[in-house]
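What follows is the residue order along each chain.
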Amino acid sequence: SLIVAGYAIAFIEWVVLREVLHAPASRHQYLGGILLSLGVFLLALAKPNLWRSTPLPALAKFTLGVYVSHLLMIYTLTGVRWRLENLFPFLAPLLPFLFPVALYLAGVLFTYILWKMPINKYLVLRSPHSPSETARPVIVPSAIR
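What you are looking at is a predicted structure, and each value in this text was computed from that prediction instead of being measured. (Residues numbered from 1 in each chain as written. Predicted model: local features only at pLDDT ≥ 70, side-chain atom pairs only at ≥ 80, totals over all residues. Heavy atoms only, no water.)

(A) Examining helix α4 (residues 63-87) more closely. Along its length, α4 reaches its greatest deviation from straightness, about 50 degrees, at Ser 69. When α4 is considered as a whole, its buried residues turn out to be Gly 65, Val 66, Ser 69, Met 73 and Leu 77. As for α4, its buried residues are in contact with α5 (95-116). (Bend = angle between axes of the 7 residues up to and from the residue. Helix = DSSP H or I, 4+ residues; strand = E, 2+ residues; numbered from the N terminus. Buried < 20%, exposed > 50% of the residue type's maximum accessible area, 1.4 Å probe, protein only. Contact = heavy atoms within 4.5 Å.)

(B) Region of the structure containing the packing of aromatic side chains. Taken as a whole, this structure holds 5 aromatic pairs when the rule is applied. Summarising the aromatic geometry, the rings of Phe 11 and Trp 14 are spaced 5.7 Å apart at their centres and angled 35 degrees between planes, so their arrangement reads as tilted. A residue pair is termed a helical-turn pair when its members lie 3 or 4 positions apart in one helix, as Phe 11 and Trp 14 do in helix α1 (residues 2-20) at 3 residues. Phe 11 sits in the partly exposed class, given a relative accessible area of 44%. Pairing Phe 62 with Tyr 112 gives two aromatic rings, centres 6.2 Å apart and planes at 70 degrees, and the pair type is edge-to-face. Note that Phe 62 is positioned in the loop between α3 (56-59) and α4 and Tyr 112 in helix α5, a separation of 50 residues in sequence. Assessed through its relative accessible area of 38%, Tyr 112 is described here as partly exposed. (Phe/Tyr/Trp six-rings, centres within 6.5 Å; stacked < 30°, edge-to-face > 60°.)

Functional significance is not addressed by these values, which are geometric in nature.
What follows is the structure, given as structure tokens:
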């Protein structure tokens with residue numbers, strides 16, 4: 001009920017901003033989104049196995065990489081989107097739906113490529129405080145043990 005109520009309130013806010021106040025409604029955050037996201041969060045808590053049979057759990061390990069790189073992907077793919085709109089005008093109505101999917105897939109691909117680079121594994125996974133292979137073991141006096 002929170003998901004439906006949040007969506008309905010966000011839609012009403014969008015209509016009021018667009019029709020009554022003549023504001024560019026696409027640039028506003030809606031208060032109904034709070035209820036909507038709360039409902040989605042509660043649904044995820046109530047049904048933890050809901051999406052287990054989909055490929056989404058395998059893609060979950062790329063979440064931070066997609067989050068960090070999504071602005072770079074937006075700037076990169078916006079030029080491609082403009083060219084596609086100019087070359088193929090019949091795709092223009094579909095691009096608002098295809099662009100986020102392409103953005104996510106590009107972010108996952110970028111994260112996967114960075115993840116597989118050996119230098120990144122050395123820089124990220126190796127702790128600066130971890131002993132090297134050539135370090136001598138520390139001898140602890142028996143009184144301290």
